Structure formats: structure tokens, C-alpha cells
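Report on the structure
Residue strings, one per chain:
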Amino acid sequence: RFFATDLLIDTSLIQSVLICGFEIFLGFGLIVRHNMKLWSKPIILMIIFFTLLTGYSWGFDVVKECGCFGNAIPLTAGQSFIKDLILLVFTGLIYLRRKSIIPVIELSNMLRNFTYLGGILSLAISIYGLMHLPLVDFRAFKEGAHINDGINDGEPAIIEYFYLMNKGTEEKLIAAAEYGDYSS
């Protein structure tokens with residue numbers, strides 16, 4: 001649940017793929033500097049949105065980890081907010097200078113096609129990863145990995161069981177190891 005609403009949960013997977021694909025699409029346009037007057041507006045709006053979102057998440061302790069880069073570059077909510085603030089500064093400069101940014105090359109059709117190809121390629125890779133496995137898998141439980149090596153810094157997981165004990169009007173949470181002391 002986010003912001004006390006379940007409204008978007010059913011479509012969250014497709015939203016994540018589309019938003020990620022759109023970000024990469026905009027990134028390709030930014031790299032080749034294709035039509036900066038047009039593309040700088042959604043870029044600045046996205047970074048403002050994500051800066052507010054990560055700031056809220058960090059400030060109100062909504063999420064602990066960002067997940068922006070998956071397990072490849074794990075970021076805390078605070079680190080993600082700082083990253084977004086830095087990106088906001090650079091994106092703001094791009095937005096302010098959008099009319100004077102010239103394309104890498106003057107072949108507009110080629111730049112447009114490269115930008116669209118980048119967006120389509122990013123969506124295709126995302127869909128492939130959802131249907132199969134990611135092309136590069138950074139997860140602790142990736143194929144061929146021993147799960148304890150990838151989680152808990154290689155330490156085995158500690159599992160503890162607890163019992164909720166009721167004695168009259170008194171309730172106590174008791175560790176299973178101490179259960180014998182309270183069972184009578």
C-alpha cells in the first residue's frame with residue numbers, strides 16, 4: 001500500500017515496465033540531443049515527480065530501499081533522494097538551456113529513429129526479462145548461486161519462533177526456546 005490506496009496495485013507491473021521504458025526512451029533522446037524543446041519537458045516533470053516521491057519516502061520512512069537499479073546498485077531511500085536532487089539540478093539546466101542545445105548530428109530523421117529504437121529496445125528487454133530471466137541477473141537467488149552467499153552477507157538465516165501465551169488476562173510473547181519455562 002502506498003499513500004493508503006490500493007488503486008494502482010493491479011496495474012503496477014505494467015506501469016513499472018512502461019515508466020522504465022519511457023525513461024530510457026527519454027534518455028536516448030537526451031544522449032543524441034534530439035528535439036530538446038519537446039523532450040526536456042517530460043524529462044523535467046519526471047525528475048520533479050521522482051524527487052518529490054523519494055523525498056517523501058525518505059522523510060516519512062515509507063520505504064527503506066529505492067529499488068531503482070534493482071540489486072545491481074542498491075540504494076537507501078536517502079541515497080535515492082540525494083541522487084534525484086543531483087539529477088534535478090542537471091535536468092533543470094537542460095530544461096533552461098533547451099532552446100540552445102543542438103543535436104549531435106543534423107540528420108533529424110536518424111536521431112528520431114535512434115531515439116525510438118532505444119525506447120523499443122528498452123521495452124523489449126524489460127518484457128523479455130519478465131517472461132524469462134533478466135539478461136544480467138544481480139539477484140541473490142539467480143540461477144547457479146547459493147542463496148546464503150547472496151543474502152545476509154553469507155551468514156545463515158536465523159529463524160526464531162514465538163508463541164503468544166495467554167494466562168488469564170495477561171498476554172506474553174514467548175520465544176520457542178523459552179517455552180518450557182511458561183508452559184505450566
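Refer to the structure above for everything that follows.
Our subject in this report is the structure included herewith. (Residues numbered from 1 in each chain as written. Predicted model: local features only at pLDDT ≥ 70, side-chain atom pairs only at ≥ 80, totals over all residues. Heavy atoms only, no water.)

1. Focus on the side chain of Arg98
Note that Arg98 resides in the loop between α3 (77–96) and α4 (108–131). Those residues within four positions of Arg98 in sequence are excluded, and the remaining contacts are Met36, Lys37, Ser40 and Lys41. (Helix = DSSP H or I, 4+ residues; strand = E, 2+ residues; numbered from the N terminus. Contact = heavy atoms within 4.5 Å.)

2. Here we look at the nonpolar core
Where a protein is soluble and globular, its nonpolar side chains tend to be buried together. In terms of nonpolar packing, the biggest core is built from 5 residues, these being Phe25, Leu26, Trp39, Ile43 and Met46. For this core, the secondary structure elements donating two or more residues are α1 (12–32) and α2 (36–59). If you tally residues by element for this core, the top one is α2, at 3 residues. Dropping the residues within four chain positions of it, Leu26 is found in contact with Trp39, Pro42, Ile43 and Met46. (Core = buried A, V, L, I, M, F, W, Y, C linked by side-chain atoms within 4.5 Å. Buried < 20%, exposed > 50% of the residue type's maximum accessible area, 1.4 Å probe, protein only.)

3. Digging into the side chain of Ser122
Inspection of the secondary structure assignment puts Ser122 in helix α4. Residue contacts for Ser122: discarding those within four places in its chain leaves Gly21 and Ile24.

4. Focus: the pattern of salt bridges
Under the defined criterion, the tally for this structure stands at 2 salt bridges. The salt bridge involving Lys83 is made with Asp84; its shortest N-O contact spans 3.1 Å. One salt bridge in this structure joins Lys172 and Glu170, with 3.5 Å as the shortest N-O distance. (Salt bridge = Lys/Arg side-chain N within 4 Å of Asp/Glu carboxyl O.)

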